[in-house]
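Below are the chains, spelled out letter by letter.
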Amino acid sequence: MILGIVLALLSAICWGAGGVVFKLGLRNVSEYSGNLIRSSFAVLFLLPLVLMNGIEPLNLKLVLLLIFSTIFSFFIGDLLYFNALRNSPVSYALPLASTYPVFVAVMDNLLYGYAVTANVIAASLLTLLAVIALPKEGGKFTLKSLTALFASLSWAISIVTLDYLTDHLSPVTLAFLRLLLNSAMLYAMVRRFEVDRNTLVYMGLLGGLISVTGILSFVTSVSLIGSNMVSPISATSPVIGAMVGKVFLKEKLTLRHGIAMALVFTSVIVLSLQPR
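Quick look at the structure, then.

What counts and what doesn't
In this numbering scheme, every chain counts its residues from 1 along its sequence in written order. Reporting of local features is limited, given that this is a predicted model, to residues whose pLDDT is at least 70; pairs of side-chain atoms are given and counted only at 80 or more, and all residues count toward the totals for whole chains, interfaces and linings. To obtain the side-chain values, all non-hydrogen atoms of the structure were included, while hydrogens and water were left out. The term nonpolar core refers to a set of buried residues drawn from Ala, Val, Leu, Ile, Met, Phe, Trp, Tyr and Cys, joined through side-chain atoms within 4.5 Å. Burial classification: accessible surface area is computed with a 1.4 Å probe over protein chains only, and a residue below 20% of its type maximum counts as buried, one above 50% as exposed, and the rest as partly exposed. Note on contacts: a residue pair is in contact if any heavy atoms of the two residues lie within 4.5 Å. In this description a helix means any DSSP run of H or I spanning at least four residues, a strand means any run of E spanning at least two, and both kinds are numbered starting from the N terminus. Any helix carries an expected span of 1.5 Å times its number of residues minus one. Each patch is built from residues lacking any salt bridge and having more than 30% relative accessible area; the joining distance is 9 Å for like charges and 5 Å for nonpolar side chains (Val, Leu, Ile, Met, Phe, Trp, Tyr). What sets the accessible areas is the Shrake-Rupley method with a 1.4 Å probe; for residues, cover comes only from the shown protein chains. Whenever a carboxyl oxygen of Asp or Glu lies within 4 Å of a side-chain nitrogen of Lys or Arg, that contact is scored as a salt bridge. Two aromatic rings, drawn from Phe, Tyr or Trp (for Trp, its six-membered ring), form a pair once their centres lie within 6.5 Å of each other, and the interplanar angle then sorts them: stacked below 30 degrees, edge-to-face above 60, tilted otherwise. The axes are straight lines fitted to the C-alpha atoms, using for helices just the contacting stretch, and the angles between their N-to-C directions are given from 0 to 180°. Definitions for this section: a left-handed crossing has its near helix turned counterclockwise from the far helix by less than a right angle. A right-handed crossing has that turn clockwise. Side-chain classes are defined by residue name, with Ala, Val, Leu, Ile, Met, Phe, Trp, Tyr, Cys and Pro counting as nonpolar, Asp, Glu, Lys and Arg as charged, and the others, Gly among them, as polar. The cut-offs work like this: below 35 degrees is roughly parallel, past 145 is roughly antiparallel, 65 to 115 is roughly perpendicular, and the gaps in between are oblique. Polar contacts, as counted here, are pairs of nitrogen or oxygen atoms within 3.5 Å of one another; within protein the pair requires one atom able to donate a hydrogen and one able to accept it, and residues that are adjacent in sequence qualify only if both atoms are side-chain atoms.

Right, let's get into the nonpolar core. What tends to happen in soluble globular proteins is that the nonpolar side chains get buried as a cluster. Membership of the largest hydrophobic core comes to 51 residues, with the highest contact counts inside it found for Leu46, Tyr81, Phe82, Tyr100, Leu174, Leu179 and Phe218. Not counting residues within four places of it along the chain, the set of residues in contact with tyrosine 100 comprises Ser152, Trp155, Ala156, Ile159, Phe218, Ser231, Ser234 and Ala235. Leu126, Ala260, Leu263 and Val264 belong to the second largest nonpolar core, which has six residues in total.

End to end, helix α5 (residues 100-112) covers 17 Å across 13 residues, agreeing with the expected 18 Å (1.5 Å per residue, within 8%). Turning to α5, its buried residues number three or more, namely Tyr100, Pro101, Val102, Val104, Ala105, Met107 and Asp108. Two residues or fewer past α5, glycine 113 is found with a positive phi of approximately 80 degrees.

It is worth spelling out a nonpolar patch on the surface at this point. Residues Ile55, Leu58, Leu60, Val63, Leu64, Ile67 and Leu181 make up a contiguous nonpolar surface patch of about 580 Å² in total accessible area. Considering every element that reaches the nonpolar patch, the biggest residue donor is helix α3 (residues 60-87), with four residues. With respect to the helices, strands and loops of the structure, leucine 60 is situated in helix α3. Residue classification places leucine 60 among the exposed positions, given a relative accessible area of 64%.

On to the side chain of serine 152. Relative to the helices and strands, serine 152 resides in helix α7 (residues 143-165). Residues in contact with serine 152, not counting those within four places in the same chain, are Leu96, Ala97, Thr99, Tyr100 and Phe103.

Mapped onto the elements, isoleucine 215 comes out in helix α9 (residues 197-225). Separated by 44 residues in sequence, isoleucine 215 and proline 171 have C-alpha atoms that sit 8.4 Å apart. Leaving out residues up to four positions away in the same chain, isoleucine 215 has contacts with Trp15, Phe74, Ala175 and Leu179.

This paragraph deals with the packing of aromatic side chains. Within this structure, the stated rule accounts for six aromatic pairs. With a centroid separation of 6.1 Å and an interplanar angle of 35 degrees, the aromatic rings of tyrosine 81 and phenylalanine 82 are classed as tilted. A relative accessible area of 1% places phenylalanine 82 in the buried class. Taken together, a centroid distance of 6.2 Å and an interplanar angle of 85 degrees make the contact between tyrosine 100 and tryptophan 155 edge-to-face. Separated by 55 residues along the polypeptide, tyrosine 100 in helix α5 and tryptophan 155 in helix α7 bring together distant segments of the chain. One exposure class covers both tyrosine 100 and tryptophan 155, and it is buried. Here the aromatic cluster, defined as three or more aromatic residues joined through ring pairs, consists of Phe22, Tyr81, Phe82, Tyr100 and Trp155.

Turning to the packing of helix α1 (residues 2-25) against α3, a few remarks are in order. When two helices pack together, their arrangement is given by the angle between the helix axes and by the axis-to-axis distance. Between α1 and α3, the shortest axis-to-axis distance is 9 Å and the interhelical angle comes to 65 degrees. Our pair here, α1 against α3, has a crossing hand that is right-handed. Judged by residue contacts, Trp15, Gly19, Phe22 and Lys23 of α1 engage Tyr81, Phe82 and Leu85 from α3. A per-class count over the contact of α1 with α3 returns five nonpolar, one polar and one charged.

Before going further, it helps to examine the packing of α1 against α9. At a minimum axis separation of 8 Å, α1 and α9 run at an interaxial angle of 160 degrees. Considering their axes alone, α1 and α9 lie roughly antiparallel with respect to each other. You can see that α1 and α9 cross each other, and the crossing is left-handed.

Turning to the side chain of threonine 161, a few remarks are in order. Inspection of the secondary structure puts threonine 161 in helix α7. Within the structure, threonine 161 has its side chain in polar contact with the backbone oxygen of serine 158 (distance 2.5 Å). Sequence-distant contacts of threonine 161, defined by excluding residues within four places in its chain, comprise Leu65, Phe68 and Ser69.

Here is the structure:
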């Protein structure tokens, strides 16, 4: 239990710091090229572990679920998240993108019959208040701002598949195959491949290492304590990301940002206290 919580916190640190690193890497390239470079480097970093340990046997059900999980996680979810990072500050995008524990709780209820408790209702209201509290550019909430929320929903769809997948595949195999599938899909889609030194450093080297560490930590913690416990803990990344963004990107952190982050943090804590 303790190891699962520690690994979930480690994933939160990775996602928080990753928001800043990815934003730096996306300055001169599209989210498609950035995602492809990040995923390709992550696959290369995982390859030695796969060669040493091998890959577990796959059946048709696992293959289809892997494809489904990859599409909603690294493909749709990450593309939406990277789009949000390119069009808004990290301290805006991360709180919105970190509302996925609420979606996971609802989906767990629909798919696995977990009760929607008072904790879930309270966390949902706190998350809604956090979205309302965020400062709006130009005085209105635009469609571009909503991409972070759509990313959160997409990630949640993928996360609920991990409880089943981690029962049959190791975290290394699961991370490697999903990132490999994502790289293949992006390679087939990207018509104009954009790359520069900045992208290779931040999206490739640093982004790939952060992704590998964060994904392995997250998937391993899911296998230990379940997605319904891991999601609220890992979603504390807005606090980390906003602080890192303020220091390294010199973004202005307003009172409303602080209130939004406090509400998100409170919501995931409330959600983590729900009975398993």
